[in-house]
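Descriptive analysis of the structure
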Amino acid sequence: MECKKGWLTSGAFAALCGTTKETLRHYKDIGLLSPAHQGDNSYFYYDVEQFYDFYAISIFRQTGTPLEKIRRCLQGQDTAQTQELLREQKGRLETERQKLEHMDFVLSSALRNLEFGPVSNMVPQTAWFEAEHLLALPVEELEGLMAPLAGEDEMLIAVLERCQRLCGQYRIQTDFQLGAIHQPGEQDGPGAISHLYTRIKEKADFPYYMEKPAGHYLYLCCRGRWDISEGYAVLKSYILEQGLKITGNFYACDLAGFILNSVEKNAASMISVGLLGNPAASR
């Protein structure tokens, strides 16, 4: 039997490449990767250097390039054609990377929200919150997009449509979990809503960007209800009773979101406001 150094059987070559003999047979049948040698026993053998041919094919395949296009490229050995194909691959990878980053952001946000599950209902507490990046829409602007006396559904439609347009325009990633920003009102309580917002993945240079700064926050979770007005009242009373000094805006955000918020018993929201001084006094 003729078998020279550097020749590999289909089984040995498949093991080297991390693939199967069936895949190699298919590539051979369609003329994509043919064995380099045929021994006097009629068996086919691959050169070890063909590992790089298979590696190139696998890279092309992982970016969704059709086999026929790969075959033409490898057989043609044309530099310009190869460059064009590589650029196409790079573009596909960038698109996929952005999709994966977006999904990571959405899932991480959902997990962070649901981790507030053990927190007691309607009980003020304190914690350190990291900074959050927001796409904040002024209420006055949203009202201008709707007909007079529009209801909550019309408001939601206007918010979602506006967020989608802005995210597309500025290439911003969001989880579409909505919240409201209240400017401080009388006696350290929340005033009127100034903005509706959704979290975005990172700081952005565009007119609707707003940052919820990092710091110690007083917060309260409202569960099993869509109307969280009682939560505002409890938080305001607690601030007055404890003599707390607050700073910045009040933030109200949905916690259950698209995962659990289809029925009221699963609804969960959080109201938070920054604290000045030693937060231990509020524990």
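Residues numbered from 1 in each chain as written. Predicted model: local features only at pLDDT ≥ 70, side-chain atom pairs only at ≥ 80, totals over all residues. Heavy atoms only, no water.

1. Here's the deal with the side chain of Glu132
Put simply, the test is: Only DSSP runs of H or I with at least four residues qualify as helices, and only runs of E with at least two residues qualify as strands; both kinds are numbered from the N terminus onward. Each residue is placed in one exposure class: buried if its accessible area under a 1.4 Å probe, protein chains only, is under 20% of its type's maximum, exposed if it is over 50%, and partly exposed if it falls in between. Throughout, a residue-residue contact means that at least one pair of heavy atoms, one from each residue, lies within 4.5 Å.
With respect to the element layout, Glu132 can be found in strand 5 (residues 132-138). The exposure class of Glu132 is buried, given its relative accessible area of 13%. With sequence-adjacent residues up to four places away left out, Glu132 is seen in contact with Arg112, Arg199, Met210, Glu211 and Lys212.

2. Here's the deal with the sheet that holds strand 1 (residues 7-9)
Spelled out, the test is: Following DSSP output, two strands are said to pair if at least two bridges run between them. For helices, the fitted axis covers only the stretch in contact; all axes are lines through C-alpha atoms, and the angles between them, taken along N-to-C directions, range from 0 to 180 degrees.
Strand order in the open sheet made by the three strands is 1-3-2, with antiparallel pairing throughout. Strands at the two margins of the open sheet, each flanked by one partner only, are strand 1 and strand 2 (37-38). Here strand 2 runs beside strand 3 (residues 44-47); their pairing, made up of two bridges, is antiparallel. Along strand 3, the bridge assignment pairs Gln38 with Phe44. Lying on the sheet, helix 1 (residues 10-17) is in contact with strand 1 and strand 3; it crosses strand 1 at an angle near 95°.

3. Quick notes on the sheet that holds strand 11 (residues 268-275)
Consider a sheet: its strands pair through backbone hydrogen bonds, and that pairing is either parallel or antiparallel. If you trace the eight strands from one edge of the open sheet to the other, you get 4-9-11-10-6-7-5-8, paired in antiparallel fashion. Of all strands in the sheet, those bounded by a partner on one side alone are strand 4 (125-129) and strand 8 (209-212). Here the strands of the sheet are splayed against their neighbours by 35° on average, with no regard to which way each runs. Summarising the sheet, strand 5 and strand 8 pair through four bridges and their orientation is antiparallel. In the sheet register, Glu132 faces strand 8, and the bridge partner there is Lys212. Contacts between helix 5 (residues 79-114) and the sheet are confined to strand 5, strand 6 (174-184), strand 7 (190-200) and strand 10 (246-254), with strand 6 contributing the most and set at about 55° to the helix. This element, helix 8 (residues 229-242), spans strand 6, strand 7, strand 9 (215-223), strand 10 and strand 11 of the sheet and lies at about 140° to strand 9.

4. Topic: the environment of His102
You can see His102 is positioned in helix 5. Spatially, the C-alpha atoms of His102 and Tyr232 are 32 Å apart, while their sequence positions differ by 130 residues. Those residues in contact with His102, other than ones at most four positions away along the chain, are Gln173 and Thr174.

5. Concerning the packing of helix 3 (residues 50-62) against helix 4 (residues 67-76)
The line we're drawing: Any angle that is under 35 degrees is reported as roughly parallel, and any over 145 degrees as roughly antiparallel; angles of 65 to 115 degrees are reported as roughly perpendicular and all others as oblique. Crossing handedness is read from the near helix: turned anticlockwise from the far helix by less than a right angle, it gives a left-handed crossing, and turned clockwise, a right-handed one. For this classification, the nonpolar set comprises Ala, Val, Leu, Ile, Met, Phe, Trp, Tyr, Cys and Pro, the charged set comprises Asp, Glu, Lys and Arg, and every other residue, Gly included, is treated as polar.
Orientation of helix 3 relative to helix 4, taken along the N-to-C sense of each, is 140°, at an axis distance of 10 Å. In terms of axis orientation, helix 3 runs oblique to helix 4. Crossing handedness for the pair helix 3 and helix 4: right-handed. Facing helix 3, whose interface residues are Ile57, Phe60 and Arg61, helix 4 presents Leu67, Ile70 and Leu74. Partitioned by chemical class, the residues of the contact of helix 3 with helix 4 number five nonpolar, no polar and one charged.

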